[in-house]
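Listed below are the residues making up each chain.
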Amino acid sequence: MSWDKSIKESVKWYDNMEVEKYEYTVGPAGEEFFKGLKQGKIIGCKCSKCGKIYIPARAYCENCFAKIDNYVEIKKEEAYVDSYTIIYKDDEGRQLDKPIYIAMIRFPNTVGGLLCYAEGNVRVGGKAKITSFDWPLRVIVE
Ligand SMILES: [Zn+2]
């Protein structure tokens, strides 16, 4: 008996998830990243096998699967806007007084990026200056 033949219709579960807050550990690499934020630093990691630099820091290289424990400080002044979106309504559909810009910022010659609240002249390729290292970060785009 295979799974496909035994299931005539999709299995459904009707219930409510009563979750007010999620908490999870960030792991050793995430901890280095968040400790860096508290010091006003962007911490990534560099794979010693293939040389790729990841932001935020992570435990394993997704390119060559090598374990990474080589943390590096990223030049935060090189941040730029890779993409962004504009939010006009809250999660209940009410119009916001002022739209919220959420930008994906990246850094040259690195893999990954960081989602941030953005202000200023938000545009793809714009230079992003980090104005707050509290999570999520805030940037102003020049
Ligand atoms: Zn690698």
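Notes on the structure follow. Predicted, not measured: the structure shown is a model, and the values here were computed from it.

Now for the nonpolar core. In terms of nonpolar packing, the biggest core is built from 20 residues, with Ile42, Ile105, Phe107, Leu114, Ile130, Leu137 and Val139 touching the most fellow members. Elements with a minimum of two residues in this core: α2 (27–38), β5 (95–106), β7 (114–120), β8 (128–132) and β9 (137–141). Setting aside residues no more than four positions away along its own chain, Leu114 makes contact with Phe33, Ile42, Ile55, Pro56, Ala103, Met104, Ile105, Phe107, Trp135 and Leu137. Ala29, Cys45, Tyr54 and Ile68 belong to the second largest nonpolar core, which has nine residues in total.

Applying the stated rule across the entire model yields four aromatic pairs. For the ring pair Phe33 and Trp135, a centre distance of 5.8 Å and an interplane angle of 85° mean the geometry is edge-to-face. Of this pair, Phe33 sits in helix α2 while Trp135 is found in the loop between β8 and β9, placing the two residues 102 residues apart along the sequence. Phe33 gets classed as buried once you look at its relative accessible area, which sits at 2%. Trp135 gets classed as partly exposed once you look at its relative accessible area, which sits at 46%. Every member of this aromatic cluster is reached through a ring pair, and the members are Phe33, Phe34 and Trp135.

A few words now on unusual backbone geometry. For the peptide bond that leads from Ile55 to Pro56, omega is -10°, which places it in the cis range. Relative to the helices and strands, Pro56 is located in the loop between β2 (53–55) and β3 (71–74). With an omega of -5°, the peptide bond between Trp135 and Pro136 qualifies as cis. One can find Pro136 in the loop between β8 and β9.

Reading the values: the criteria
- Residues numbered from 1 in each chain as written.
- Predicted model: local features only at pLDDT ≥ 70, side-chain atom pairs only at ≥ 80, totals over all residues.
- Heavy atoms only, no water.
- Core = buried A, V, L, I, M, F, W, Y, C linked by side-chain atoms within 4.5 Å.
- Buried < 20%, exposed > 50% of the residue type's maximum accessible area, 1.4 Å probe, protein only.
- Helix = DSSP H or I, 4+ residues; strand = E, 2+ residues; numbered from the N terminus.
- Contact = heavy atoms within 4.5 Å.
- Phe/Tyr/Trp six-rings, centres within 6.5 Å; stacked < 30°, edge-to-face > 60°.

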